[in-house]
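# Structure assessment
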Amino acid sequence: MKNVFLFLCFFCIAITANSQEIVKAPQPFGPLPTQKQIDWQEMEFYAFVHFSLNTFTNKEWGYGDESPELFNPTNLDVRQWARIVKAAGMKGIILVAKHHDGFCLWPSAYTERSVKNSPWKNGKGDLVKELAEACKEYGLKLGLYLSPWDRSRADYGKPEYVDYFRKQLKELLTNYGDVFEMWFDGANGGDGYYGGANETRKINTFEYYNWDETYKLIYKTAPKTLVWGVGPSEARWIGNEDGRAGKTNWSLLRQKDELAGKVHYTEFMSGHEDGEKWVPGEADVSIRPGWFYHSVEDDKVRSLDEMVDIYYESIGRNATLLLNLPVDRRGLVHENDEARLKELVATIKADFKTELLSKTKITADNVRGKNPEFGPKNVSDANKNSYWATDDNVKNASITFEFAKPTAVNRILLQEYIALGQRVKAFNVEVKVDGNWKTVANETTIGYKRILRIDRITASALRINITDAKANIVISNIQAYNAPAFVRMPEIQRDKNGNVTIKAENGSLVYYSLDGKNPTKKSTIYKGAFNYNKAVTIKAVAIDAKENSSSAVKTAKYGVSKENWKIIAASGGDLTTANRIIDGNPNTDWSFGNDANQLPQEITIDLGSILSINGFTYLPQQVGHNLNLISNYEFYTSVDNLKWTLQSEGEFSNIKHNPIEQIKTFKKNNARYIRFVAKSAVGKGQTVSIAEINVIEAP
C-alpha cells in the first residue's frame, strides 16, 4: 500500500511538473524593441520647440547670413514653456538647438555663430542649459535637435564640417545631463550662404555624414539617448508633418533598404510588416501652420477639431506625438497656443474619464495552456506587464466582455505586449445589441496602442476578434469608454463673388455672426447661402440639440471679395482656366510651365481697384499625389500695369513636407495689379501649380 501511495505522489508531481513545463510564457517573435524604445514609446506625447534667429527674421529656414545680433527675446522664460508642457500631460521637450542657418542656442566652443554674440543676456546666456534646468524642475525629459545641414558654414560639404558637427554633438550630449532623444532632420543640402559662397551644395545624405561612426559616438557618449531621423535610427519620421500615422502602422522597418535609398518616405506612415528592425514612428506637427513663430499666424492656430483628430491618429495609431510650440519673440509660448492646448487636454481627459470594462465578465475562447496566468482578465488589471496570451498555434481568437447592464460605448483602446514583438495583423470589434452581434469596426494593426472612435452604441456585451496575427496573440490591455459627444466646427467658404456657404454635420444647427463676436443661440441662424462681398470676419458655431453640446467657434476672415479680379496675363498655361487661382475654392488649381516653357513663369492679376496691401498668400495645390510645388518666387505690385515694384522674393521653406498656405508680408503699399513669378519648383520638374492667390489687405 505504501508503494502505491508513493507511486501516486510521484505521478502527481510528474504531471504538475510537466504542466508547468508546457505552459511557458510566449516566445518573442520577430524584431523586438529595446527597453530604451519601450520607455520612449510610453512617453506618448511630448513637445517640440522651434525658437531661434528665424523667430526674429520671420523665416522658416534661415539662409545662413543672418546676424546673431538679431536674437534678442524681451521676456524669455523657459519655465513658462515647461509649466505649459507639464500641464498638458506631455513628458518632455525637444529643443531645436541649431537649425539649418547654423545659429546655436548654446555658447558652442566651435563657432562664433551663437548666443554668445547676441545681445540676449549680453552674450552670457545659454538657452540649452536654462531649459535643461527647467525640465529637471518640472519632471520633464530633455531632447535636442541638431541640424546636420548648416547653410552658414564655408566647409559644409567637406570632411571638416562633419568633424565640426560631431564636436557640437558631443558638446550637447555631455554638458546638459541626460538627453532622451537626439533629432536629426532629413533636410540636407541645397542653396545657402556657405561663408559667402552663396551657392547650392548637394550631398549624399547617407554617405557624407558617415552615420555609423556618428551613431557610435552618440552611444558611447550618451547610451540612454534614442536617435531619431537620418541614418540607422531607433525611431522614424511618420512620413508627413501633419501628425498623422497610417491606420495600419507597423513598428518595423526595412531599414537596410531605407539606408540604401530604396524606401520612399510615404511608406513611413505604415512601416513594413516584413521589416527586419524595430523602428517605431514619431508623428510631428506644429500647433500652427509654421514651425517657427510668425505673428500673422496668431489667428491660425490649428482648430480643436484638428488637434483632437491628430491625437487619435498619432497616439491612437501606434505612434508618439511630437507637438511643436513655436515660441514668440518675447521668448514665450503664445497665449493662443496655450489656450488651444488646454482645450485639447480637457477634451482628451473627458474622453477617457471613466473606463467601462474593468467590472465586466471577461472570457476568451483560447487561453495559453488554460493557465490563469495568461487569462483574459489580465487585459483589465491595470498591469502593463501582464497579458492575455493564446497557445502557440492560435493566431485568431476572441475575447468577450459582458456588461452587468446595457452600456453606451464609443471609444475602444487596445495594446499589445510589445516587449514580445508586434503580432496582430487584423481584428474586428463586435457589440451585442438586443441579443444580436453587430460589427462596428474592422481594423488591421494594434502595436503599442490603438484607439478606435466609433459611433456611440448601447450594448450588453463587447467582443474583440483577432482574425489574423503573425504569431500567437499577446494582448496586455483593452479598455472602453463613452466619450462626450464631440460636435465638429462648421465649414465656412466664400467664393470670388462673395457668396458665403456654411456646412455642418447632419442634424446640427448653425449660428453665425458678422461683427467679430462669438455666436450664440441668439445669433443669426444659418438657413442657406448669402452674399457678403465686403471685408468681414465670419464666426460660426454648430449646435447638436440632441446631445445638448456645441462645437468650437469657427472663424474665417475675408477681404473684399474677388468678384472684380481678373487674370490679364500669364506666360504659360491655359489662360481660360487660370481663373481657378482666384475662385475662392482651395480644391481647384491651375498649372503652368513645362519642358517647352521652362521656369520662371509669371501670372498677372487685376484686382479691379486700388487696394492697400501688406502681403500675399500662395496656397499650393491640395489635391493629388504630385502637387507641383513652387519653391522660389517673386511678387510685384503696380498701380498702372506699367511700373512694377518688387515687394517680396525668396523661398517657400519646407513646402515639400508641409504644403500649407504660404504667407509673405511686406511694407504697406497701394496696388491695382499684382504679378506672381514662380522661379523654381520643388524637385526637377518645370510644371508648377497654384490653388489660390490672395492679398493681405493692410489695416
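Residue numbers restart at each chain and count upward from 1, following the sequence in its written direction. Local features are withheld for residues below a pLDDT of 70 in this predicted model, meaning they are given only at 70 or higher, and side-chain atom pairs are given and counted only at 80 or more; totals for whole chains, interfaces and linings count all residues. Side-chain metrics rest on all non-hydrogen atoms present in the structure, leaving aside hydrogens and water.

This brings us to the packing of aromatic side chains. The criterion for an aromatic pair is that two Phe, Tyr or Trp rings (for Trp, the six-membered ring) have centres within 6.5 Å, with stacked assigned to planes under 30 degrees apart, edge-to-face to planes over 60 apart and tilted to the rest. Tallying each qualifying case throughout the model produces 42 aromatic pairs. Centroid distance Y618 to F652: 5.0 Å. Interplanar angle 35°. Geometry classified as tilted. A residue pair is termed long-range when its members are at least 10 positions apart, and Y618 in strand β30 (residues 601–619) and F652 in the loop between β32 (645–651) and β33 (662–681) qualify at 34 residues. For the pair formed by Y618 and F652, the shared burial category is buried. Through pairs of rings, three or more aromatic residues link up here, namely Y156, Y161, Y164, F165, F184, Y194, Y208, Y209, W211, Y215 and Y219. Here, a charge over a ring means that NZ of Lys or CZ of Arg falls within 6 Å of the ring centre while also lying within 35 degrees of the ring normal. It is R153 that lies over the ring of Y164; its NZ or CZ is 3.6 Å from the centre. Over the ring of W437 we find R463, and its NZ or CZ is 3.9 Å from the ring centre. Only runs of H or I of at least four residues qualify as helices and only runs of E of at least two qualify as strands under DSSP, and these elements are numbered from the N terminus. Exposed residues in this analysis have more than 50% of their type's maximum accessible area, buried residues have under 20%, and partly exposed residues fall in between, with area computed by a 1.4 Å probe over protein chains only.

We now examine the sheet that holds strand β2 (residues 92–98). Strand order in the open sheet formed by 8 strands is β7-β4-β3-β2-β1-β12-β11-β8, with parallel pairing between adjacent strands. Each edge of the sheet is formed by a strand with only one pairing partner; in this case those strands are β7 (226–229) and β8 (236–237). Of the strand pairs in this sheet, strand β4 (residues 181–184) and β7 are connected by 4 bridges, and their pairing is parallel. Its bridge partner being in β7, W183 is matched across the sheet by W228. Residues count as neighbours in contact if any of their non-hydrogen atoms are within 4.5 Å of one another. Between N-to-C directions, angles span 0 to 180 degrees; the directions come from axes that are lines fitted to C-alpha atoms, helices contributing only their stretch in contact. Contacting β4 and β7, helix α8 (residues 211–221) runs over the sheet at an angle of about 150° to β7. Note on pairing: two strands pair once DSSP finds at least 2 bridges between them.

A few words now on unusual backbone geometry. Residue P600 is bonded to the preceding L599 through a cis peptide linkage, with omega at 10°. Among the structural elements, P600 can be located in the loop between β29 (590–592) and β30. Non-glycine residue K121 carries a positive phi angle of around 55°. Within the fold, K121 resides in the loop between β2 and α5 (127–138). For K121, a relative accessible area of 44% translates into the label partly exposed. Positioned with a positive phi, N654 is a non-glycine residue whose angle comes to about 65°. Take N654: it is sitting in the loop between β32 and β33.

For the rest of this paragraph, the subject is the sheet that holds strand β21 (residues 499–503). Within the open sheet, the 3 strands sit side by side as β20-β21-β24. Their pairing is antiparallel. Either end of the sheet is taken by a strand with one partner, and the two such strands are β20 (491–494) and β24 (530–531). Sheet topology note: the β21/β24 ladder contains 2 bridges and is antiparallel. Its bridge partner lying in β24, V500 is registered against F530.

Our focus in this paragraph is the side chain of E234. Relative to the helices and strands, E234 resides in the loop between β7 and β8. A 3.5 Å cut-off defines polar contacts: any pair of N or O atoms within that distance qualifies, except that in protein one atom must be a possible hydrogen donor and the other a possible acceptor, and neighbouring residues in sequence count only when both atoms are side-chain atoms. In terms of polar contacts, E234 uses its side chain to reach the side chain of K36, at 3.0 Å. Sequence-distant contacts of E234, defined by excluding residues within four places in its chain, comprise K36, Q37, Y219, T225, L226, V227, W278, V279 and P280.

Right, let's talk about helix α10 (residues 304–314) for a bit. Extensive coverage of α10 is indicated by the burial of 10 of its 11 residues. For α10, every residue scored as buried is listed here: L304, D305, M307, V308, D309, I310, Y311, Y312, E313 and S314. Looking at the buried side of α10, the elements it contacts are β11 (281–286), β12 (319–324), α11 (335–351), β15 (397–416) and β18 (450–469).

In this section: the packing of α10 against α11. Between α10 and α11, the shortest axis-to-axis distance is 10 Å and the interhelical angle comes to 55°. Taken together, the axes of α10 and α11 lie oblique to each other. Considering the relative orientation of α10 and α11, their crossing is right-handed. Where α10 approaches α11, its residues L304, M307, V308, Y311 and Y312 are matched on the opposing element by R340, E343, L344, T347, I348 and D351. Each residue gets one label: Ala, Val, Leu, Ile, Met, Phe, Trp, Tyr, Cys and Pro are nonpolar, Asp, Glu, Lys and Arg are charged, and the others, such as Gly, are polar. Residues belonging to the contact of α10 with α11 are distributed by class as follows: 7 nonpolar, 1 polar and 3 charged. By the definition adopted for this analysis, an angle is roughly parallel if under 35 degrees, roughly antiparallel if over 145, roughly perpendicular if from 65 to 115, and oblique otherwise. Throughout, a crossing is termed right-handed when the near helix is turned clockwise from the far one, and left-handed when it is turned anticlockwise from it by less than a right angle.

Relative to each other, helix α6 (residues 159–175) and α8 sit at 20°, their axes nearing to 10 Å. On the basis of their axis angle, the class for α6 and α8 is roughly parallel. The chirality of how α6 crosses α8 is right-handed. Here α6 contributes F165, R166, L169, K170, L173 and T174 to the contact with α8, which in turn contributes W211, E213, T214, L217, I218 and T221.

Each residue carries a pLDDT value, the predictor's own confidence for that position, ranging from 0 to 100. Here the protein shows a mean pLDDT of 94. Residues at 70 or above account for 97%. Across residues 1–20, confidence stays below pLDDT 50; counting only partners more than four residues off in sequence or on other chains, it has 0 contacts.

What follows concerns the pattern of salt bridges. Take a side-chain nitrogen of Lys or Arg and a carboxyl oxygen of Asp or Glu: if they are within 4 Å of each other, that pair is a salt bridge. Enumeration over the complete set of coordinates arrives at 45 salt bridges. For E234, the salt bridge is made with K36, and the minimal N-O distance between the two is 3.0 Å. Of the two residues, E234 sits in the loop between β7 and β8 while K36 sits in helix α2 (residues 35–43), which places them 198 residues apart along the sequence. Residue E234 shares its accessibility class with K36, and that shared class is buried. Residue E547 pairs with R456 through a salt bridge whose shortest N-O separation is 3.0 Å. Remark: R456 occurs in strand β18 and E547 occurs in the loop between β25 (536–544) and β26 (549–550); sequence separation between them is 91 residues. With relative accessibility at 34%, the residue E547 sits in the partly exposed group. Via salt bridges that share partners, R244, D309, E313, R317, R453 and R488 belong to a single interconnected network.

Within the largest apolar cluster, 83 residues are counted, with the highest numbers of intra-cluster contacts made by F71 and W81. F71 has contacts with F51, S52, L53, F56, F103, L105, V115, S118, P119, W120 and L127, leaving out every residue within four places of it along the chain. Among buried residues, those of type Ala, Val, Leu, Ile, Met, Phe, Trp, Tyr and Cys that are joined through side-chain atoms within 4.5 Å constitute a nonpolar core.

Turning our eyes to something else, we now look at the environment of G572. Position of G572 relative to the elements: it lies in the loop between β28 (566–570) and β29. Residues G572 and K224, 348 residues apart in the sequence, show an inter-C-alpha distance of 56 Å. Not counting residues within four places of it along the chain, the set of residues in contact with G572 comprises W590, F592 and Q601.

Here strand β19 (residues 474–481) lies mainly inside the structure; 7 of its 8 residues are buried. As defined by bridge partners, strand β14 (residues 388–389) adjoins β19 across 2 bridges and the pair is classed as antiparallel. From the neighbouring strand, W388 faces β19, where its bridge partner is I475. Sheet topology places β15 next to β19; 6 bridges connect them, and they run antiparallel. By the bridge assignment, R411 is partnered in β19 with Y481.

The subject of this paragraph is α8. Within α8 the residues assigned to the buried category are W211, T214, Y215 and I218. Viewed along the axis of α8, the buried residues span an arc of 95°, placing them on a single side of the element. Exposed residues pointing more than 90 degrees away from the buried face of α8 are listed as K216 and K220. Working definition: the arc comes from the directions between the helix axis and the C-beta atoms, pointing outward to the latter.

Two faces, one strand: in a regular strand the side chains alternate between the faces of the sheet. For strand β22 (residues 509–513), the buried fraction is high: 4 of the 5 residues fall into the buried class. Sheet topology places β22 next to β25; 5 bridges connect them, and they run antiparallel. By the bridge assignment, Y511 is partnered in β25 with V541. Bridge count for β22 against strand β23 (residues 524–525) is 2 bridges, and the pairing is antiparallel. Its bridge partner being in β23, Y511 is matched across the sheet by I525.

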